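So the chains spell out like this:
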Protein chains: 2
Amino acid sequence: MVTNFDKKNFIKNFKANCKKIQVKNFIKGETVTTYIEKRNQICIVLSGEVDLIRYDFNGNKTIIGHFVENDIFGEVFYPANTNNELFVTAIKKSEILFFSYDTLFEKCEYECVFHKELINNLSELFIDEIIDLNLRIELLTKRSIREKLLSYFEILSKSSMNKVFNIPYTYTDLADYFSVDRSSLMREIKMLTDEGFIKKEGTKITLLY
Amino acid sequence: MVTNFDKKNFIKNFKANCKKIQVKNFIKGETVTTYIEKRNQICIVLSGEVDLIRYDFNGNKTIIGHFVENDIFGEVFYPANTNNELFVTAIKKSEILFFSYDTLFEKCEYECVFHKELINNLSELFIDEIIDLNLRIELLTKRSIREKLLSYFEILSKSSMNKVFNIPYTYTDLADYFSVDRSSLMREIKMLTDEGFIKKEGTKITLLY
DNA sequence: TAAAATCTGTTGCAAATGCAACAATTTTAT
DNA sequence: ATAAAATTGTTGCATTTGCAACAGATTTTA
């Protein structure tokens, strides 16, 4: 985090105060939204988890983004001109906040002081989102599955300040996050294990170097 | 763009009005900045072009980001815990605006009305950055070089509203943008040409379908 | 404008990755 | 609690991609 700003508390206030927003609940499997150009929708995950899914022309599914509590997503952030069908599905029971970016900077009917604060804090959410995306790019640009894995493990290890940590995804999802074949990912993990770089128990990984 | 907001004009005003910023000039090859954790620096390209470069442990160079006029970049946007050396180099004569994100929301000593506007517009810059990053991820997650090329061509074609368009990079840089081997990229382009999908004259591409 | 540097185009071969398929295990839903 | 669904682990083989190397073209610099 950039500042000491309390994201969670901000979102709670946001929800309580601003009349320009909607909050909806979704059960697992439900479609939260589809990305429709020019709607300028922004969403924030209040609880639960959602995936941003792409189906390409031959029906292949790719998870483009994975959003958890306090993450921000929406069609505003997505480039136009990519002719993919994009939609967001709840992968567990989720509570999502919706608003239109366009109306956000309009004067609030209650002239609330809250608005200025809100806009400031929105920047923090944006920055967090940019950081997440840069992290993903950092990994995606690594040239081999091995390099991707080692970089990713490095990050997990550093952020938990421990040589032992848990991968927060299933291996199936991790393969998708790296955009590589699952069996190739498993093979590489096996090699890293056999070569003594890591120890693996389920999704619990221990760095041995 | 999300709104009718005039980014260029905003930056000009920003430069003229706000005392919390610095503007510096760089010649080709000069280092603009290095990413140092916790400095919370944000930069905007006023003119010219800069590359965000990563050198990994075995000295391989990767262009992580390419920023042109009005693009925003900086250490604030970059995940901590990645132990890479990151720095930004001017690839041509460039004028760069610097400020610290932390001081941005502090009261301006001149109490300028400009500040509120500035913060609003900063969001637009952030959103543009997020869109760029999502576009890059969209391409990076395509599973083959062929798919990457076709998606990219599709985007260039749509945004120029023409079957004929120019790739705004050298092929060397394009390979790096896709994070693939240059000769493999050239090979795939040759195959697309031979199979009659595209016509190629230098970096000018014509879609034949 | 000549020399240096970079970029393009190409290839053969090696290495990495993807694909398909399946059994075993674990998780989720009824 | 049990059936259904999803995930894991594995392999052989096909395909894609990377690597190295080089000559020719183009661009940049002095």
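Source: prediction; values computed, not measured.

Per the secondary structure count, chain A includes six helices and eleven strands. The buried share of chain A, taken over its 209 residues, is 54%. The contacts in chain A between residues at least 6 apart in sequence include a share of 71% that link residues at least 24 apart. Roughly 9900 Å² of accessible area belongs to chain A as shown, and the carbon and sulfur atoms make up 50% of that amount.

Buried accessible area, meaning the area lost when the parts come together, often serves as the stated size of an interface. Listed by partner, the interface residues are 45 residues for chain B and 45 residues for chain A. Both sides together, the interface formed by chain B and chain A hides about 4500 Å², and carbon and sulfur atoms give 59% of it. The interface formed by chain B and chain A includes four salt bridges. Residue A:Arg54 is joined to B:Glu138 by a salt bridge in which the shortest nitrogen-to-oxygen separation is 3.4 Å. Viewed at the interface, chain A and chain B are joined by 14 residue pairs in polar contact (both at pLDDT 80 or more). Going through the elements one at a time, helix H2 (101-104), helix H3 (114-140) and helix H4 (145-160) of chain B are the ones with two or more residues in the side of chain B that touches chain A. Looking at the side of chain B that touches chain A, the element that brings in the most residues is H3(B), giving 16 residues.

For the rest of this paragraph, the subject is the protein's contact with DNA strand C. Taken together, 20 residues lie around DNA strand C, and A:Ser144, A:Ile145, A:Asp181, A:Arg187 and B:Lys200 are the ones closest in. Counting only atoms of DNA strand C within 4 Å of the protein, the fraction found in sugar and phosphate groups is 52%. Within the backbone of A:Asp181, a nitrogen or oxygen atom sits 2.8 Å from a phosphate oxygen of DNA strand C. At a separation of 2.7 Å, a phosphate oxygen of DNA strand C approaches a polar side-chain atom of B:Lys200. Listed by contribution, the elements that provide at least two residues to the surface near DNA strand C are helix H6 (182-194) of chain A together with helix H5 (171-178) and helix H6 (182-194) of chain B. Across the surface near DNA strand C, the residue classes break down as four nonpolar, six polar and ten charged.

Okay, the protein's contact with DNA strand D next. Around DNA strand D, a shell composed of 19 residues is seen, among which A:Thr172, A:Lys200, B:Ile145, B:Asp181 and B:Arg187 lie nearest. Protein-proximal atoms of DNA strand D, defined as those within 4 Å of the protein, fall in sugar or phosphate at a share of 52%. Here a phosphate oxygen of DNA strand D and a backbone polar atom of A:Thr172 are 2.9 Å apart. When contributions to the surface near DNA strand D are tallied by element, the ones reaching two or more residues are helix H5 (171-178) and H6 of chain A together with H6 of chain B. Ranked by the residues each element gives to the surface near DNA strand D, the list is headed by H6(A), at five residues. Of the residues belonging to the surface near DNA strand D, the class tally is four nonpolar, six polar and nine charged.

Moving on, we get to the pattern of salt bridges. Per the counting criterion, the structure on display carries 14 salt bridges over all chains. The partner of A:Asp176 in a salt bridge is B:Arg143, and the shortest N-O contact between them spans 3.6 Å. In this pair, A:Asp176 sits in helix H5 while B:Arg143 sits in the loop between H3 and H4, so the two residues belong to two different chains. Relative accessible area serves as the criterion here: at 10%, A:Asp176 is assigned to the buried category. B:Arg146 serves as the salt-bridge partner of B:Glu195, at 3.0 Å between the closest nitrogen and oxygen. Of this pair, B:Glu195 sits in the loop between H6 and strand E10 (198-201) while B:Arg146 is found in helix H4, placing the two residues 49 residues apart along the sequence. B:Glu195 sits in the partly exposed class, given a relative accessible area of 44%. Beyond isolated ion pairs, a larger network of salt bridges with shared partners links A:Arg54, B:Glu138 and B:Lys142.

The transform that puts chain B on chain A rotates by 180 degrees and translates by 0.0 Å along the axis, for an RMSD of 0.1 Å. Here the transformation between the copies is reduced to the relation of a two-fold axis. Here 100% of the interface residues in chain B have copies in chain A that are interface residues too; the copies meet face to matching face.

Next up on the list: the pairing of strand E3 (residues 41-47) of chain B. The side chains of a regular strand alternate, first on one face of the sheet and then on the other. All names here are of chain B. In terms of burial, E3 is a largely internal element, six of the seven residues being buried. Pairing analysis gives six bridges linking E3 to strand E8 (residues 94-100), with the strands arranged antiparallel. Note on E8: the bridge partner recorded for Ser-47 is Glu-95. One ladder, built from two bridges, connects E3 with strand E6 (residues 72-73); its direction is antiparallel. When the bridges of E6 are listed, Cys-43 appears paired with Phe-73.

The rules behind these values
Residues numbered from 1 in each chain as written. Chains lettered and ligands numbered in written order. Predicted model: local features only at pLDDT ≥ 70, side-chain atom pairs only at ≥ 80, totals over all residues. Heavy atoms only, no water. Helix = DSSP H or I, 4+ residues; strand = E, 2+ residues; numbered from the N terminus. Buried < 20%, exposed > 50% of the residue type's maximum accessible area, 1.4 Å probe, protein only. Contact = heavy atoms within 4.5 Å. Areas by Shrake-Rupley, 256 points an atom, 1.4 Å probe, with all protein chains shown as cover. Buried area = accessible area lost by both parts, 1.4 Å probe. Salt bridge = Lys/Arg side-chain N within 4 Å of Asp/Glu carboxyl O. Polar contact = N/O pair within 3.5 Å; in protein donor to acceptor, adjacent residues only side chain to side chain. Near = heavy atom within 4 Å. Nonpolar A, V, L, I, M, F, W, Y, C, P; charged D, E, K, R; others polar. Least-squares fit on C-alpha atoms with pLDDT ≥ 70 in both. Pairing = 2+ DSSP bridges.

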